[in-house]
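So the chains spell out like this:
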Amino acid sequence: MENSDKSRRDFLKSAISASTLALVASSGLLAPKRVLAHWPADAFTADTVEDALLALLGQAQDIPQDKVSFKVGSPPSYAVNGASVPFEVHSSLEDIERIAILVDKNPNPLAMSIELTADVKLPFKSMIKVAEDSKIIAVIRADGKLYKTSRDISVDIGGCA
């Protein structure tokens, strides 16, 4: 009984917070421009992997294979549907600050970029969209340095136009 009361309180608290945020945003007090001020627009709208990488992070060097595990697809290197391609990044590098995933042949190569906090633990798993057979590039910023590694993937059905 106590567990359901806590769940109900958590649900109500979340619902009230969400509705308050929606009300404030719709009133114009919370402008999306301010909320997304750190949004790397140049990186997400770049036409090439190199442009996206330079706009987001800068120049990167290849990472030693023993320092990172990067898997794309299930089974690896293959995706039936490009609309949801799983990937996983695990690294033994210390002080990882950011992970970015780029897809070479997508209309916009930067698929995702996240800044890690101490609360985020690796391995990091997520899904991306892949337009066609392509090279998927993982870029890791750790201890102020940039590292990259890549994997090729075959896609049966493209996931983005």
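Structure's up top.
The shown structure was predicted, so the numbers you read here are calculated from the model rather than taken from an experiment.

This part is about the overall build of the protein chain. Within the protein chain, the regular secondary structure consists of four helices and nine strands. Each helix and strand of the protein chain, ordered N terminal to C terminal, gives the series α-α-α-α-β-β-β-β-β-β-β-β-β. The buried share of the protein chain, taken over its 161 residues, is 32%. In the protein chain, of all internal contacts separated by at least 6 residues, the share reaching a separation of at least 24 is 66%. Carbon together with sulfur atoms contributes 54% to the accessible area of the protein chain, which is approximately 10,100 Å² in total.

This part is about helix α4 (residues 49-56). Given 3.6 residues per helical turn, the α-helix brings residues three or four places apart onto the same face. Listed in full, the buried residues belonging to α4 are V49, A52, L53 and L56. Seen along its axis, α4 keeps its buried residues to an arc of 95°; they face one direction.

When you tally the buried positions in strand β8 (residues 134-142), you get seven out of nine residues, the bulk of the element. The pairing of strand β5 (residues 96-103) with β8 spans seven bridges and is classified as antiparallel. Looking at β8, one finds that L102 is bridged to I137. When β8 meets strand β9 (residues 145-157), the two strands line up antiparallel, connected through nine bridges. Residue pairing for β9: I137 is matched across the bridge by S150.

It is worth spelling out the packing of aromatic side chains at this point. Throughout the structure, instances matching the rule amount to one aromatic pair. Aromatic pair F87 and F124: ring centres 6.1 Å apart, planes at 50°, arrangement tilted. Taken together, the positions of F87 in strand β4 (residues 85-91) and F124 in strand β7 (residues 124-128) put the pair 37 residues apart, joining distant regions of the chain. Comparing F87 with F124, the two get one shared label, buried.

The strand order β2-β4-β7 describes an open sheet built from three strands, whose pairing is antiparallel. Either end of the sheet is taken by a strand with one partner, and the two such strands are β2 (68-72) and β7. Averaged over all neighbouring strand pairs, the angle between strand axes comes to 15°, with direction disregarded. Of the pairings in the sheet, the one linking β4 to β7 comprises five bridges and is antiparallel in character. Paired with V85 across the two strands is I128, which belongs to β7.

So, how was this worked out
Residues numbered from 1 in each chain as written. Predicted model: local features only at pLDDT ≥ 70, side-chain atom pairs only at ≥ 80, totals over all residues. Heavy atoms only, no water. Helix = DSSP H or I, 4+ residues; strand = E, 2+ residues; numbered from the N terminus. Buried < 20%, exposed > 50% of the residue type's maximum accessible area, 1.4 Å probe, protein only. Contact = heavy atoms within 4.5 Å. Areas by Shrake-Rupley, 256 points an atom, 1.4 Å probe, with all protein chains shown as cover. Arc of directions from axis to C-beta. Pairing = 2+ DSSP bridges. Phe/Tyr/Trp six-rings, centres within 6.5 Å; stacked < 30°, edge-to-face > 60°. Axes fitted to C-alpha atoms, helices over the stretch in contact; angles between N-to-C directions.

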